[in-house]
Amino acid sequence: MAIKHVAFVVFIQLFALNVVIQTHAFPTPASAEDKTVYNRQLTEEKPLSDQIAEADSVKAAVLSAESKHPAASKDTAQDGDDFSDLKSLAEGQKSKMESKEGQDQTTPKSDQFVPDESDSTKSRRLAEDYDSTKNGMDDSKFQGDVPESFRQVDGTPLTAEDIVQKIANKIYEEDDRGVFDRIVSRLLKLGLITDSEADSLEYQVAEALQELITKNAQRNEVEETEESEDTRGEKEAQDEDANTNSPRRRFNDNDEEEGEEEGEEEGAREEERGAAEDDGDNNAGGDMAGDERWDRDAQNEVSPSDGLQDLQYFPNFYRLLRSLDAERDTQERETLITIMKTLIDFVKMMVKYGTITPEEGVSYLENLDAMIALQTKNKLGKSLGPADFMGKGFDEDDNTKAEAAKMQKEYENLKDSTKEEQPSTETSRPGKSETYLEAIRKNIEWLKKHDKDEGKDDYDLSKLKDFMDQQVDSYIEKGIISKDEGGTIKRIYSSL
Amino acid sequence: MKQSFWVSLLGAVAVVAVARGGGDGEISFEYHRYEEMRKALVSVWLQCPTISRIYTIGESFEGRELLVLEMSDNPGTHEPGEPEFKYIANMHGNEAVGRELLVYLAQYLCNQYQQGNDTIIELIHSTRIHLMPSMNPDGFEKAASQVNPGEMKDWFVGRSNAQGVDLNRNFPDLDRIVYVNEQDGGANNHLLQNMKKAVDENSKLAPETKAVVHWIMDIPFVLSANLHGGDVVANYPYDETRTGSAHEYSASPDDVTFKSLARAYSMFNPVMSDPNRPACRKNDDDSSFKEGITNGGAWYSVPGGMQDFNYLSSNCFEITLELSCDKFPSEDTLKTYWDQNRNSLVNYIEQVHRGVKGFVRDLQGNPVSNATISVEGINHDITTAKDGDYWRLLAPGNYKVAATAPGYLTVIKKVAVPHSPATRVDFELESMIERKEEEREELMDWWKMMSQTLNF
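Below: a short report on this structure. (Residues numbered from 1 in each chain as written. Chains lettered and ligands numbered in written order. Predicted model: local features only at pLDDT ≥ 70, side-chain atom pairs only at ≥ 80, totals over all residues. Heavy atoms only, no water.)

Notes on the overall build of chain A
And step 1. The secondary structure content of chain A amounts to 22 helices and 0 strands.
And step 2. Split into buried and exposed, the 496 residues of chain A put 56% on the buried side.
And step 3. Put simply, of all contacts in chain A between residues at least 6 apart along the chain, 76% involve residues at least 24 apart.
And step 4. Here chain A displays about 20,500 Å² of accessible surface, and carbon together with sulfur accounts for 52% of that area. (Helix = DSSP H or I, 4+ residues; strand = E, 2+ residues; numbered from the N terminus. Buried < 20%, exposed > 50% of the residue type's maximum accessible area, 1.4 Å probe, protein only. Contact = heavy atoms within 4.5 Å. Areas by Shrake-Rupley, 256 points an atom, 1.4 Å probe, with all protein chains shown as cover.)

Okay, structure coming up:
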């Protein structure tokens, strides 16, 4: 991987040099054309021309953008260093490779998405270096990837959907979850969105990202067959894996990282994310591939052989999914699947990082599936079918994945699905949240039963929620419970 | 809604899969360090928020909250006529069983309430129960932190608070004062004078002690018990001997009542009430133990203890419960201790509903607070609380109960008191001014009549 990376970098640098030479002057249509012609010889450069064209159009958009000072200084730093340009260009190229199809597909929309940090911006950078009017773009590129301009090229305002798409694209292309954070924080700072909007934005972005991954995976598959060079194909597959892997993880981490307050958990999260990035691509790739196919087949009956390598170890969960009506409950299915997968992933990270042993992970997962069967039986009054573990023949990677999924699911379920509140609280003290969740659950059950006996309806639940919120605040004040515990409790109540 | 159902189903599944040893409604019999104890109490509150409340009466020396879990049908308020009850444990940090028993008791009461246990439901509706699992959390941490693979924990480590103060010798010694008053006449109750000087500015008092003193003064507790370890017996006042000797039966005015209360606990504890129980240690002198109970002074003299302080500073009757030969037994014995004490703990709370209780009001129906309720033959008076309500614990028998208040005329009533429940006796007090008015009117009427007859 590293070697390939280096080779790639070198390759890119060579190319970039050409580009630099050619773009030393203000880009003229002729030179642009030349580049285009030149580019076409190498398929990976093809998009570069698009990028440049894009850059020009973006320049127009950016002229109306505000410029940020800190970014400007960064920009100048960038200006001064061609080599770093090349390097970042190379990196951009790499991710460009991965998201090539995505780039093509999203180019029309991302025309106005100024802060695009993939190759489009890198090439733009070269041009911008010599074009002062492009400075505005650069700062957003480095600073906050907020679309400075909220208008399309033709002047029509961007819809919310567009923004979501843009952000998703950007995350995808940049291979960096931090994009979202940066964007959102800037949007918040600018007062363009509220906190709750930020929450729902994340959810939407996640969805868009997922779609993106799916589409790109499809395209990448197609492309693989077109590729003549083996190395390139391999690289693509790997890159695709890594890339498609990361968005999914990013989504997880996105959730996890939202808890800024919990410094310790934050640290833990960071580590795990680091671990995740380093993690073997194969499984992740396999996951993702299976995931995409799963998504595609969402409307059909899914069989384990479809490639859902993780979920096949959860026969009960699987049956549960199947029992959900495909048409009506699509969203629920999606949610459940996402939850399960992220849990698996998470546990994998935990084992990888040594937080738990593989054996613990295995037993956790085995328990989980058994509990799914049991609980489904209890709650739905039907059983999913003979509880059928696939045996203890898990290999370590699968175990860890499953473990991660389980843990993640715990967190997911401890929070409202549309909120990005941190699961980090629960991470470091899973026992406490469980106990609290259990206690609250018992109370709600008792209330429901009690109300039923007395013939009341359960509008009391909202009153109870308010009362509990109030009590929680007063307890936090008195030092009886800690702030994050209070947050957990409130969150559990709000998700009821 | 449906989605959240699925989500919560999965969540519950995941949660339960990871939950430690928890079936539904089951108590987990383990030791709770401070954080775990706090978490356990919060969980009880979360499970039963309509009948429970957590509050803190202050902080220990090292800053841990002195947590209390209150259980009642209206947590946070004193309902007029509803008696207040408390259990305090672990004032000696290394006497750990009581602490755990109170945590289990909290969980038990909550579970039983929700499962429809009528006895518990009735108890919670008619009583305000306060549970303080640990008065000395600092000491407990010290005791619990000892690393003894296979050995018993030390007899003394963690007993005192973080300052090295034995909290059960740290309370203002009111026994001395009452003994003097017995001889020379004087008040027989509410002997804590000058709260500010005696408590707040008293540098000898530990923060835990101060917090509890304030707590006792704030809430009109009626009955209480103080949980210890190191032996197995129910100990009642007085703890301090009159003559200062090491062992001497030191009866309080309510000796009969106290014996009845202490027996009410011991009789449901098979170990405590076992007449053939061997002594905890070979050379122990448990000659004073009878039917699982003992007078404090007869066992050994304890000056400055919390039990006597309750009785002599407030209306609260407190006994001391020693629950285990080992002060800090191993975790796997906790379930046994719970089994031995569960019924006793519940039954003792029910003792608060005994004797005589009621309201003292004036002729207009307004409550008379701080009126004195005295029982003929018992040299210990109690007072009415803010709403004019009082609870006078008495063993079965015939009594004359008097209600007095400054500026009012005393009213005496005869009462036959059964074992339980409490007998309701209300008093309507006539103020002296009203009586004077009546007399004046009578006089005027007489004068009028006289003058008419005699042609004045």
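Concerning the packing of aromatic side chains
And step 1. According to the stated counting rule, one finds 22 aromatic pairs over all chains in the structure shown.
And step 2. Note on Tyr475(A) and Trp45(B): the rings are 4.4 Å apart at their centroids and 45° apart in plane angle, and the pair reads as tilted. Residue Tyr475(A) is found in helix H21 (residues 460-478), and its partner Trp45(B) is found in helix H2 (residues 34-47); the two belong to separate chains.
And step 3. Ring plane angle 55° and centroid distance 4.8 Å describe the contact between Tyr31(B) and Phe328(B), whose orientation is recorded as tilted. (Phe/Tyr/Trp six-rings, centres within 6.5 Å; stacked < 30°, edge-to-face > 60°.)

A closer look at the pairing of strand E2 (residues 65-71) of chain B
Residues and elements named next belong to chain B.
And step 1. Most of E2 sits inside the fold, with 7 of its 7 residues counted as buried.
And step 2. Across the two faces of E2 the burial is the same, with Glu-65, Leu-67, Leu-69 and Met-71 and Leu-66, Val-68 and Glu-70 all buried.
And step 3. Counted along the chain from strand E1 (residues 52-59) to the antiparallel partner E2, the turn is 5 residues long, and its residue Gly-63 has a positive phi close to 90°.
And step 4. Sheet topology note: the E2/strand E4 (residues 128-132) ladder contains 3 bridges and is antiparallel. Across the sheet, residue Glu-70 finds its bridge partner in E4, namely His-130. (Pairing = 2+ DSSP bridges.)

So, a negative patch on the surface
All names here are of chain B.
And step 1. A cluster of like negative charges, contributed by Glu-438, Glu-439, Glu-441, Glu-442 and Asp-445, occupies part of the molecular surface.
And step 2. If you trace the backbone, Glu-442 turns up in helix H13 (residues 432-454).
And step 3. For Glu-442, a relative accessible area of 57% translates into the label exposed. (Patch = residues over 30% accessible without salt bridge, like charges linked within 9 Å, V, L, I, M, F, W, Y side chains within 5 Å. Salt bridge = Lys/Arg side-chain N within 4 Å of Asp/Glu carboxyl O. Lys, Arg positive; Asp, Glu negative; His and termini not counted. Charge placed at Lys NZ, Arg CZ, Asp CG, Glu CD.)

Quick notes on a nonpolar patch on the surface
All names here are of chain B.
And step 1. Taken together, Leu-443, Trp-446, Trp-447 and Met-449 make up a surface patch of nonpolar side chains, about 480 Å² in accessible area.
And step 2. As for its placement among the helices and strands, Trp-446 is situated in helix H13.
And step 3. Residue Trp-446 is classed as partly exposed on the basis of its relative accessible area, which comes to 45%.

Focus: the sheet that holds E1(B)
Residue and element names in this part refer to chain B.
And step 1. If you walk across this open sheet you meet the 8 strands as E1-E2-E4-E3-E5-E8-E6-E7, and the pairing is mixed. Each edge of the open sheet is held by one strand with a lone partner, namely E1 and strand E7 (293-295). Going from strand to strand, the sheet's axes swing by 25° on average, the running direction of each strand aside.
And step 2. Sheet topology note: the strand E5 (residues 221-228)/strand E8 (residues 317-324) ladder contains 6 bridges and is parallel. (Axes fitted to C-alpha atoms, helices over the stretch in contact; angles between N-to-C directions.)

Some details on H2(B)
And step 1. Over its 14 residues, H2(B) runs 20 Å from end to end, which matches the ideal 20 Å to within 8%, given 1.5 Å per residue.
And step 2. Of the residues making up H2(B), those classed as buried are Tyr34(B), Met37(B), Arg38(B), Ala40(B), Leu41(B), Val42(B), Ser43(B), Val44(B), Trp45(B), Leu46(B) and Gln47(B). (Expected span 1.5 Å × (residues − 1).)

Overview of unusual backbone geometry
All names here are of chain B.
And step 1. Of note, the amide linkage connecting Pro-237 to Tyr-238 takes the cis form, showing an omega dihedral of -5°.
And step 2. With respect to the element layout, Tyr-238 can be found in the loop between strand E6 (231-236) and helix H9 (255-266).
And step 3. Phi is positive for Glu-291, close to 55°, though the residue is something other than glycine.
And step 4. As for its position among the elements, Glu-291 is in the loop between H9 and E7.

Description of the sheet that holds strand E13 (residues 397-404) of chain B
Residue and element names in this part refer to chain B.
And step 1. In space, the 4 strands of this open sheet follow the order E11-E10-E13-E14, with antiparallel pairing throughout. The open sheet has two edge strands, strand E11 (378-383) and strand E14 (411-417), and neither has a second partner. Each neighbouring strand pair of the sheet contributes to a mean axis angle of 25°, computed without reference to strand direction.
And step 2. Two elements, strand E10 (residues 372-375) and E11, share 3 bridges in a ladder whose sense is antiparallel. Bridge pairing in E11 places Ile-373 opposite Ile-382.

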